[in-house]
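Spelled out, the chains give:
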Amino acid sequence: MRHFLTTADWTRPELQGLLDRASAFKSGTVSRALEGKSIALLFFNPSLRTRTSFDIGATKMGGHAIVLDAKGATWPLEFADGAVMDGTAEEHVREAARVLSSYVDLIAIRCFPEFKDWAAEREDPMISAFAKHSTVPVINMETIVHPCQELAMMLALQERIGAVQDKTFLLTWVPHPKPLNTAVANSALLMAAKFGMNVRLLVPDERYRLDERYMGAAERFTAEGGGSVTMTTDVEAAYTGADAVYAKSWGALPFYGHWEDEAPFRAKGRDFMITPEKMALTNNATVSHCLPMRRNVKIADAVVDSPAFLGIEEAANRLPVQQAVMEALASQGAVK
């Protein structure tokens, strides 16, 4: 039985197959792959696009989605093996995953890290526990990676610029008042590298380097399929000649759990907002963001409201790519 936890676990041809199927859905192809089936959507964190697109996608394919507020409307969950459950958790994932598996055909999880201990949280404990104990496929709706978002990103890029092999993809850190999850940055790096792009990672300080799990994977992907991965703090050099710009803010991992010490390094990026002047250095690049996005903090209005902005198309693509993922997983024999 296969899960969809990270794009790192799927080959480029497999991912392209999902993108091609998503394109077919956009062109009017109808699938009833979820006829008589159901999916449980467990949200430990807020959602607008993810909740809406998964619910509608399941309905379009004849299925039923049940949305569970895992932070208030369900029992608090424990995921650690051997835990002595004398705290707030009332139920263990061992039971919850197996019980849900007896009701539904797919389980999807959205569970952000707690920003306390990266050594523990980089193991993605909640969704990993569900994948271990579930008897149906599990889909990642964003944890420490966001694979559905980056399928949507790649589909938008292919629709706008065509073949992306050897194109230059700038993943730029942008300002935000507080440190954020690295999930989208991790996934954007993985996806662009896997599709043979030349990835430039622009950061205000080298301490914003992403986890070596993802940096190393990206370097392997480019070594195998072409492209390159570089990191720089030079804004002008990073933008010059870029074909696609992707904006995301994230917290510097060396300060994980003691974010007050990050402030001086975050201040180095105060001028990293994407502006028309920076975009003028590119090769008429597209620009996007996963949303939600703070205007005139991360990206200037003039850029967001320009034809270069792909954020709306990317968000719209969440529906067909997730239909493709649900269809692929629901076709497995292990699914009821």
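Residues numbered from 1 in each chain as written. Predicted model: local features only at pLDDT ≥ 70, side-chain atom pairs only at ≥ 80, totals over all residues. Heavy atoms only, no water.

> Hey, could you run me through the packing of helix α7 (residues 183-194) against helix α8 (residues 212-225) in this one?
Helix-helix packing: each pair is described by the crossing angle between the helix axes and the interaxial distance. Between α7 and α8, whose axes approach to 8 Å, the crossing angle comes to 10°. The orientation of α7 relative to α8 falls into the category roughly parallel. On α8, the residues touching Asn186, Leu189, Leu190, Ala193 and Lys194 of α7 are Tyr214, Met215, Ala217, Ala218, Phe221 and Thr222. For the contact of α7 with α8, the class distribution of residues is 8 nonpolar, 2 polar and 1 charged. (Axes fitted to C-alpha atoms, helices over the stretch in contact; angles between N-to-C directions. Helix = DSSP H or I, 4+ residues; strand = E, 2+ residues; numbered from the N terminus. Parallel < 35°, antiparallel > 145°, perpendicular 65-115°, else oblique. Contact = heavy atoms within 4.5 Å. Nonpolar A, V, L, I, M, F, W, Y, C, P; charged D, E, K, R; others polar.)

> Would you mind going over empty space enclosed by the protein with me for this structure?
Gaps between atoms show up when a probe of the same size as a water molecule is rolled over them. Enumeration according to the criterion identifies 1 cavity of 30 Å³ or more in this entry. For the largest cavity, the calculated volume is near 40 Å³. In terms of lining, the largest cavity is formed by Met153, Ala156, Leu157, Ala244, Val245, Tyr246, Thr286, Ser288, Leu310 and Glu314. Secondary-structure elements contributing two or more residues to the lining of the largest cavity are α6 (147-161), β10 (244-248) and β11 (286-289). (1 Å grid on protein atoms, 1.4 Å probe; cavity = no way out; pocket = protein on both sides within 12 Å on 5 of 7 lines; lining within 4 Å. Points joined across faces, edges and corners; volume = space filled by probe spheres on them.)

> Would you mind going over the packing of helix α1 (residues 12-26) against helix α13 (residues 311-330) with me for this structure?
Taken N-terminus to C-terminus, the directions of α1 and α13 make an angle of 120°; their axes are 8 Å apart at the nearest point. In terms of orientation, α1 lies oblique with respect to α13. Two packed elements cross with a definite hand, and for α1 against α13 that hand is right-handed. For the pair formed by α1 and α13, the contact residues are Leu18, Leu19, Arg21, Ala22, Phe25 and Lys26 on the first element and Asn317, Pro320, Val321, Gln323, Ala324, Val325, Glu327 and Ala328 on the second. (Left-handed = near helix turned anticlockwise from the far one by under 90°.)

> What am I meant to see in the nonpolar core here?
General note: in soluble globular proteins, nonpolar side chains tend to be found buried as a group. Core analysis: the biggest nonpolar cluster contains 92 residues, and Phe4, Ile39, Ile139, Phe169 and Ile274 have the highest contact counts within it. The contact partners of isoleucine 39, leaving out residues within four places of it in the chain, are Phe54, Ala58, His64, Ala65, Ile66, Val104, Leu106, Ile107, Ala108, Ile139 and Met326. Counting 22 residues, the second-largest nonpolar core is a separate cluster that includes Leu42, Leu77, Ala129 and Val138. (Core = buried A, V, L, I, M, F, W, Y, C linked by side-chain atoms within 4.5 Å. Buried < 20%, exposed > 50% of the residue type's maximum accessible area, 1.4 Å probe, protein only.)

> Looking at this structure, I do not really get helix α5 (residues 125-133). What am I missing?
Among the residues of α5, Met126, Ile127, Ala129, Phe130, Ala131 and His133 are the ones counted as buried. At its buried positions, α5 is contacted by β1 (38-43), β3 (77-78), α3 (93-103), β5 (106-110) and β6 (138-140).

> Would you explain the side chain of arginine 266 in this entry?
With respect to the helices, strands and loops of the structure, arginine 266 is situated in helix α10 (residues 263-267). Judged by its relative accessible area of 12%, arginine 266 is buried. Of the polar contacts made by the side chain of arginine 266, one reaches the backbone oxygen of histidine 176; its length is 3.0 Å. Contact partners of arginine 266, with chain neighbours within four places excluded, come to Trp173, His176, Lys178, Pro179, Leu180, Tyr208, Ser249, Trp250 and Gly251. (Polar contact = N/O pair within 3.5 Å; in protein donor to acceptor, adjacent residues only side chain to side chain.)

> Teacher, can you tell me more about the sheet that holds strand β8 (residues 198-202) here?
Sheet strands line up and pair through hydrogen bonds in the backbone, either parallel or antiparallel. Across the sheet, 5 strands lie side by side as β9-β8-β7-β10-β11; this open sheet has parallel pairing. A strand with exactly one partner marks an edge of an open sheet, and here the two such strands are β9 (228-232) and β11. Neighbour to neighbour, the strand axes of the sheet diverge by 20° on average, direction disregarded. Two strands pair when backbone bridges link them, and β10 and β11 are joined in this way by 4 bridges, in the parallel orientation. Bridging across to β11, alanine 244 finds its partner in threonine 286. The sheet strands contacting α13 are β10 and β11, and the helix crosses β11 at an angle near 55°. (Pairing = 2+ DSSP bridges.)

> Whenever I open this one, the pattern of salt bridges confuses me. Can you help?
Pairs may arise between side chains of opposite charge once their charged atoms sit close together. Counted according to the given criterion, the structure contains 20 salt bridges. Across the pair glutamate 123 and arginine 122 runs a salt bridge whose closest N-O atoms are separated by 3.4 Å. For glutamate 123, a relative accessible area of 44% gives the class partly exposed. Residue arginine 213 is joined to glutamate 123 by a salt bridge in which the shortest nitrogen-to-oxygen separation is 3.6 Å. Of the two residues, arginine 213 is situated in helix α8 and glutamate 123 in the loop between α4 (118-121) and α5; the sequence distance between them amounts to 90 residues. For arginine 213, a relative accessible area of 31% translates into the label partly exposed. One network of salt bridges, with partners in common, ties together Arg122, Glu123, Asp211 and Arg213. (Salt bridge = Lys/Arg side-chain N within 4 Å of Asp/Glu carboxyl O.)

> Before we go on, may I ask you to explain the side chain of lysine 278 in this structure?
Relative to the elements of secondary structure, lysine 278 occurs in helix α11 (residues 276-279). Despite being buried, lysine 278 has no salt bridge partner; glutamate 277 is the closest side chain of opposite charge, sitting 6.7 Å away. Looking at lysine 278, its side chain comes within polar contact range of the main-chain oxygen of methionine 273, at 2.8 Å. Every residue in contact with lysine 278, bar those within four places of it in the chain, is listed here: Val235, Tyr239, Asp271, Phe272 and Met273. (Lys, Arg positive; Asp, Glu negative; His and termini not counted.)

> Would you mind going over the packing of aromatic side chains with me for this structure?
Under the definition given, this model contains 9 aromatic pairs. Arranged with centres 5.3 Å apart and planes meeting at 55°, the rings of tryptophan 118 and tyrosine 256 form a pair that is tilted. Of the two residues, tryptophan 118 is situated in helix α4 and tyrosine 256 in the loop between β10 and α10; the sequence distance between them amounts to 138 residues. One exposure class covers both tryptophan 118 and tyrosine 256, and it is buried. When the ring centre of phenylalanine 25 is taken as origin, the NZ or CZ atom of arginine 21, which lies over that ring, is 4.8 Å away. Lying over the aromatic face of phenylalanine 221, lysine 194 brings its terminal NZ or CZ to 4.3 Å of the ring centre. (Phe/Tyr/Trp six-rings, centres within 6.5 Å; stacked < 30°, edge-to-face > 60°. Lys NZ or Arg CZ within 6 Å of the ring centre and 35° of its normal.)

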